[in-house]
Amino acid sequence: MKKVEIYTDGACSGNPGPGGWGAVMIYKDIKKEICGGEKETTNNRMELTAVIEALKLLKEPCEVTLTTDSKYVCDAVNKKWVYSWRDNGWKKADKKKALNVDLWEELLSLLEKQKVTFIWVKGHDGHKYNERCDELAVNFYKENFQ
């Protein structure tokens, strides 16, 4: 399997408000940057969207190291919470409805096709690619929605 590194971030001005997402994908010496956003969204939706949009670009099954500053995304997958939510009709342990079900369903479908290891990094702490993803996300919503 090809080994791909993916770095992602989401940003939002207000929560909800205009938001953006950014991702940096690296395969060997090839680097690709992607970004997008929505006029009215939340930070967590943008974090999830960054991951989804990057994974959707993979044309074949890959071994992916995905680095994000989103505890929401990392913990939900690494601690298997999202699988419990799905198995319990998208209800969390506290019996409240899980949010962003549409995005979680899409992500789970993509995770069936790829071997993804999620790694959490502290945001805004000087990590080269995390900072770049944040810049892509913020620039996108500022240029398109403000």
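Here the structure is shown first, and the text comes after it.
Here's a quick rundown of the structure. Only a predicted model underlies this, so the values are computations on that prediction, with no experimental measurement involved.

Digging into the sheet that holds strand β4 (residues 62–68)
Here's step 1: An order of β3-β2-β1-β4-β5 is seen for the five strands of this open sheet, with the pairing classed as mixed. Strands with a single pairing partner mark the edges of an open sheet, and in this sheet they are β3 (30–41) and β5 (115–120). On average, each strand axis in the sheet is tilted by 20 degrees relative to the strand beside it, whichever way the strands run.
Here's step 2: Here ten bridges tie strand β2 (residues 17–27) to β3, and the two strands are oriented antiparallel to one another. Each bridged residue has a counterpart across the sheet, and for M25 the counterpart in β3 is K32.
Here's step 3: Along the sheet, helix α5 (residues 128–145) makes contact with β1 (2–12), β2 and β3, crossing β2 at roughly 140 degrees.

Overview of the nonpolar core
Here's step 1: With 34 residues, the main nonpolar core has I6, L55, V64, W104, L107 and F118 as its most contacted residues.
Here's step 2: Among the secondary structure elements, those contributing two or more residues to this core are β1, β2, α1 (43–56), β4, α2 (71–78), α3 (81–87), α4 (101–111) and β5.
Here's step 3: Not counting the four nearest positions on each side in its chain, L55 is found in contact with I6, V64, L66, L107, L110, L111 and V116.

A closer look at unusual backbone geometry
Here's step 1: Note that the residue after N15, namely P16, is joined by a cis bond; omega there is 15 degrees.
Here's step 2: Counting through the fold element by element, P16 comes out in the loop between β1 and β2.
Here's step 3: Of note, the phi angle at N100 is positive, near 60 degrees, even though the residue is not glycine.
Here's step 4: Take N100: it is sitting in the loop between α3 and α4.
Here's step 5: Residue classification places N100 among the buried residues on the basis of a relative accessible area of 12%.
Here's step 6: In this structure, H124 is a non-glycine residue whose phi angle is positive, near 55 degrees.
Here's step 7: Relative to the assigned elements, H124 resides in the loop between β5 and α5.

Some thoughts on the packing of α1 against α4
Here's step 1: Between α1 and α4, the shortest axis-to-axis distance is 10 Å and the interhelical angle comes to 30 degrees. When the axis of α1 is compared with that of α4, the two are roughly parallel. Remark: the crossing between α1 and α4 carries left-handed chirality. The segment α1 lies against α4, with R45, L48, T49, V51, I52, L55 and K56 engaging D102, L103, W104, E106, L107, L110 and L111.
Here's step 2: Of the residues that constitute the contact of α1 with α4, the class distribution is nine nonpolar, one polar and four charged.

Rules of the game
Residue positions are counted from 1 within each chain, in the order its sequence is given. Reporting of local features is limited, given that this is a predicted model, to residues whose pLDDT is at least 70; pairs of side-chain atoms are given and counted only at 80 or more, and all residues count toward the totals for whole chains, interfaces and linings. Excluded from the side-chain calculations are hydrogens and water; all other atoms, namely the structure's heavy atoms, are used. Pairing between two strands requires that DSSP report at least two bridges joining them. Secondary structure elements follow DSSP: runs of H or I of four or more residues count as helices, runs of E of two or more count as strands, with numbering from the N terminus. Note on definitions: angles span 0 to 180 degrees between N-to-C directions of axes, and those axes are lines fitted to C-alpha atoms, for helices only across the stretch in contact. Residues count as neighbours in contact if any of their non-hydrogen atoms are within 4.5 Å of one another. Here, nonpolar core refers to any group of buried Ala, Val, Leu, Ile, Met, Phe, Trp, Tyr and Cys residues whose side-chain atoms link them within 4.5 Å. Exposure categories follow from relative accessible area, calculated using a 1.4 Å probe and restricted to protein chains: below 20% of the type maximum is buried, above 50% is exposed, and the middle band is partly exposed. We call two directions roughly parallel when the angle between them is under 35 degrees, roughly antiparallel when it is over 145, roughly perpendicular when it lies between 65 and 115, and oblique otherwise. Crossing handedness follows the turn of the near helix against the far one: under a right angle anticlockwise gives a left-handed crossing, and clockwise gives a right-handed one. Residues were grouped as follows: Ala, Val, Leu, Ile, Met, Phe, Trp, Tyr, Cys and Pro as nonpolar; Asp, Glu, Lys and Arg as charged; and all remaining residues, including Gly, as polar.

Purely geometric stuff here, so don't read any function into it on its own.
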